Amino acid sequence: MNLHEYQSKRVFAHYGIPIPEGEVATTPAEAQAVAEQLGGPVVVKSQVLVGGRGKAGGIKLAGTPEEANARAEEILGMDIKGLTVQQVLIDPAADIQSEIYLGAVLDRAKRRVVLMASSEGGVEIEQVAAETPEKIITVAVHPYLGLRDYQARYLAEGINLPKEYTRQFIKIAKGLYQAYMESDASLAEINPLVITGSGELLAVDGKIGLDDSALFRHPDLEAMRDTAAEDESEIEARENDLTYIHLDGEIGCMVNGAGLAMATMDIVKFYGGEPANFLDIGGGAKADRVAAALRIILSDERVKAVLINIFGGITRCDEVARGVLEAIDTLDVKVPFVIRLVGTNEEEGRRIIAEANLPTATSLAEAAQKAVAAAKGETL
Ligand code: GDP
Ligand code: MN
C-alpha cells in the first residue's frame, strides 16, 4: 500500500522532518479557501499514487487564492497515468534554491536498510541511477545501531551539501530512517528535499510505500488507505486474499503458490509468451476465490489466453474446476483457457473440466506451449 504525498509528509512531520503546512481540497472553492488561509503564493498539487506528476502537468503554482481556484479546477479530474485526480494538496509555495534526493529502502542483497542521497533532487531517482550513478551516495544501516550521525554526515558530504545545513540534514535523515522503521515501510522518500531562500531544509514531496504484510500492526496507517484512488483489480484481489500483481503481457496466469506462480511465468516466457500477471490464489482456495481470481484476470483487456496451473495439496482440484466453471458461467469469456490440474482430486477436477470441453494439459511444458499458441490465435 502506498500513501499519498500529503499523508507521507504528515508521517514525516511526526518524526521531526519540516514540511510545508498545507491542506487537502477536493473542490476549487475549497482550494481557494485553503489558499486564503495560508496567505501568499501556493502550489496546487494533484494527489495521485504515481510519480512524475510535475511533468504531467499535475503541479502548478498560484499567486493568489483566485488563481489557486483556477489551477485546482484544471487539475481536479485530470488523468495522470491512468489515474483520475480527486484531491489536490495546497501548500505554501516554497522558495526553492536547490533540490536534493533523500530516500530509505531495503537492500535485500545487503540485508540492510540503505539510506540514499543525491544532489540531483527533483528528478526520478531511477533516472539518476541509470545516467549518473556516481551521484547517488548510500549508507547501509546496522539494524541494532540505527542510523549514526557519522553516516548521515557522510551522505551530506557526499552530495556536497553546504556545511551550514549538516545539522538539519542529520536530523532529517534520522527522522526518515525512524519513520521508515516504525511504519514497517518498504520505501520512504523525500524528493525533493529543498534548500529554501531563507536557509531551511524542507521536504517538498514525500512518498511512503508500506509493507502490506505488516499493515495489521499499523491500524492508523491502514486507515489512510484511499480505495477510490486504487486499482479496482487490486482492491478485489485484496478482499479475496489473492496475491495479484499486474504485468504487461497477454497470458493471464492463475496459480496456487508463489513459487509455482514464478515457475509458471518463467516457462510462459521460455515458450515465447509474456505473462499478464502474477496471481497466487493461495492454499485451500474454494470455488468463490477461484472465480474472483478469474474475474480479475479477465478484466484485463490485454489478456488473450488464460493458463491455469494448479498443484493440488490443500487446494482441491475439483474445487478449482468448479470455481473455473462458475466464473465462466457468470462472465463474458472471449479468450481461450488451458487448464492443468494435478494433485488432490485431480481425476474429479479433470472430469469436470473435460465435460465443459475446455483444453487441459498434463505437464507444465505442454500447458505453457498451448497457452502461448492460444494467445497467438491458434486453435487448440
Ligand atoms: P512529482 O513530480 O510527482 O515528483 O512532484 P513533486 O512534488 O516532487 O514536484 C515536482 C517539482 O515541482 C519539484 O521538483 C519542484 O521543482 C516543483 N515544485 C514542487 N513544489 C514546489 C513549490 O512549492 N515551489 C516551487 N517553486 N516549485 C515546486
Ligand atoms: Mn517528487
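Residues numbered from 1 in each chain as written. Chains lettered and ligands numbered in written order. Predicted model: local features only at pLDDT ≥ 70, side-chain atom pairs only at ≥ 80, totals over all residues. Heavy atoms only, no water.

Peer 1: I keep staring at the layout of surface pockets and nothing clicks. Help me out?
Peer 2: Over the atoms rolls a probe the size of a water molecule, and its path tells where empty space is left. Roughly 280 Å³ of volume is contained in the second largest pocket. Lining the second largest pocket are Val 105, Leu 106, Arg 108, Val 113, Tyr 180, Met 181, Asp 184, Ala 185, Ser 186, Leu 187, Asp 211 and Asp 212. Counting only elements with at least two residues in the lining of the second largest pocket, the list comes to strand 8 (96-107), helix 6 (166-182) and strand 11 (185-196). With three residues, strand 11 is the largest single contributor of residues to the lining of the second largest pocket. A per-class count over the lining of the second largest pocket returns seven nonpolar, one polar and four charged. (1 Å grid on protein atoms, 1.4 Å probe; cavity = no way out; pocket = protein on both sides within 12 Å on 5 of 7 lines; lining within 4 Å. Points joined across faces, edges and corners; volume = space filled by probe spheres on them. Helix = DSSP H or I, 4+ residues; strand = E, 2+ residues; numbered from the N terminus. Nonpolar A, V, L, I, M, F, W, Y, C, P; charged D, E, K, R; others polar.)

Peer 1: When you look at the sheet that holds strand 2 (residues 23-25) in this model, what are you seeing that I'm missing?
Peer 2: Paired through their backbone hydrogen bonds, the strands of a sheet run either parallel or antiparallel. As summarised here, the arrangement of the four strands in space is 2-7-3-4, forming an open sheet in which the pairing is antiparallel. Among the strands making up the open sheet, the edge pair consists of strand 2 and strand 4 (59-62). With strand direction ignored, the average angle separating the axes of adjacent strands in the sheet is 25 degrees. Relative to strand 7 (residues 88-92), strand 3 (residues 42-46) runs antiparallel, the two sharing five bridges. Looking at the pairing, Val 43 lines up with Asp 91 of strand 7. Sheet contacts for helix 2 (residues 28-38): strand 2, strand 3 and strand 7; angle to strand 7, the most-contacted strand, approximately 15 degrees. (Pairing = 2+ DSSP bridges. Axes fitted to C-alpha atoms, helices over the stretch in contact; angles between N-to-C directions. Contact = heavy atoms within 4.5 Å.)

Peer 1: Would you mind showing me how to read the site of ligand 1 here?
Peer 2: In the vicinity of ligand 1 lie 17 residues, with Lys 45, Arg 53, Gly 54, Ala 94 and Glu 99 positioned nearest. In the model, an oxygen atom of ligand 1 is placed 3.0 Å from a nitrogen or oxygen of the Asp 205 side chain. Here ligand 1, which alone exposes 560 Å², has 79% of that area covered by the protein. Those elements that provide at least two residues to the shell around ligand 1 are strand 3, strand 4, strand 8 and strand 11. Its residues placed into classes, the shell around ligand 1 shows eight nonpolar, five polar and four charged. Shared between two domains, the shell around ligand 1 takes at least three residues from each, and those domains are domain 1 (21-92) and domain 2 (96-222). (Near = heavy atom within 4 Å. Polar contact = N/O pair within 3.5 Å; in protein donor to acceptor, adjacent residues only side chain to side chain. Areas by Shrake-Rupley, 256 points an atom, 1.4 Å probe, with all protein chains shown as cover. Domains from an automatic or database assignment.)

Peer 1: Would you mind showing me how to read the pattern of salt bridges here?
Peer 2: If charged atoms from side chains of opposite charge come close, those side chains can pair. Across all of its chains, the model carries 23 salt bridges by this definition. Taking the shortest distance from any N to any O, the salt bridge between Lys 370 and Glu 366 comes out at 3.1 Å. One end of the pair is Lys 370 and the other is Glu 366, both in helix 13 (residues 364-375) and four residues apart, which spans about a single turn. Overall, the relative accessible area of 26% leaves Lys 370 in the partly exposed class. Under the relative-accessibility criterion, Glu 366 is labelled partly exposed at 27%. (Salt bridge = Lys/Arg side-chain N within 4 Å of Asp/Glu carboxyl O. Buried < 20%, exposed > 50% of the residue type's maximum accessible area, 1.4 Å probe, protein only.)

Peer 1: Is there a simple way to think about the environment of Ala 117 in this case?
Peer 2: Note on placement: Ala 117 falls in strand 9 (residues 112-118). Since its relative accessible area comes to 0%, Ala 117 is described here as buried. Residues Ala 117 and Gly 103, spaced 14 residues apart in sequence, show a C-alpha to C-alpha distance of 6.5 Å. In this structure Ala 117 touches Tyr 101, Leu 102, Lys 135, Ile 136, Ile 137, Leu 155, Ile 159 and Phe 169, once residues within four positions along its chain are discounted.

Peer 1: Any chance you could explain the coordination of the manganese ion (ligand 2) here in plain terms?
Peer 2: Any two of four tetrahedral donors ideally make an angle of 109.5 degrees at the metal, while pairs among six octahedral donors ideally make 90 or 180 degrees. Within the protein, Asn 191 (O) and Asp 205 (OD) serve as the donor atoms for the manganese ion (ligand 2), at 2.2 to 2.3 Å. Here the residue Asn 191 occupies a position in strand 11, and Asp 205 occupies one in the loop between strand 12 (201-203) and strand 13 (207-210), the gap between them amounting to 14 residues. Residue Asn 191 shares its accessibility class with Asp 205, and that shared class is buried. (Donors = N, O, S within 2.8 Å, 3.2 Å for Na, K, Ca; no water.)

Peer 1: What is the right way to read the domain arrangement of the chain from this model?
Peer 2: By a widely used convention, the size of an interface equals the accessible area lost when the partners come together. Parsing the chain into structural domains produces domain 1 (21-92), domain 2 (96-222) and domain 3 (231-375). Relative to domain 3, the C-alpha centre of domain 2 lies at a distance of 40 Å.

Peer 1: Teacher, can you tell me more about the nonpolar core here?
Peer 2: One recurring pattern in soluble globular proteins: nonpolar side chains tend to sit buried together. Within the largest apolar cluster, 41 residues are counted, with the highest numbers of intra-cluster contacts made by Leu 102, Leu 115 and Phe 169. Among the elements that take part in this core, helix 6 stands out by supplying eight residues, more than any other. What Leu 102 contacts, discounting residues up to four positions off in sequence, is Leu 115, Met 116, Ala 117, Leu 155, Phe 169, Ile 172, Ala 173, Leu 176, Ala 188, Glu 189, Ile 190 and Leu 193. Ranked by size, the runner-up nonpolar core spans 31 residues in total, among them Leu 294, Ile 308, Val 320 and Val 324. (Core = buried A, V, L, I, M, F, W, Y, C linked by side-chain atoms within 4.5 Å.)

Peer 1: Help me understand the environment of Asn 277, please; the structure alone is not making it clear to me.
Peer 2: Topologically, Asn 277 is positioned in strand 16 (residues 277-280). Note: C-alpha distance between Asn 277 and Asp 248 (29 residues apart in sequence) is 7.4 Å. With residues near it in sequence (within four places) discarded, Asn 277 still touches Tyr 244, Ile 245, His 246, Leu 247, Ile 251, Gly 252, Cys 253, Met 265 and Ile 297. A polar contact of 2.8 Å, which involves the side chain of Asn 277, links it to the backbone oxygen of Cys 253.

Peer 1: When you look at the pairing of strand 8 in this model, what are you seeing that I'm missing?
Peer 2: When strand 8 meets strand 11, the two strands line up antiparallel, connected through eight bridges. Within the sheet, the bridge partner assigned to Gly 103 lies in strand 11 and is Glu 189. Relative to strand 9, strand 8 is paired through seven bridges, and the arrangement is antiparallel. Paired with Asp 107 across the strands is Arg 112, a residue of strand 9. A loop of four residues connects strand 8 with strand 9, the two strands running antiparallel in sequence, and Arg 111 in this loop sits at a positive phi of about 55 degrees.

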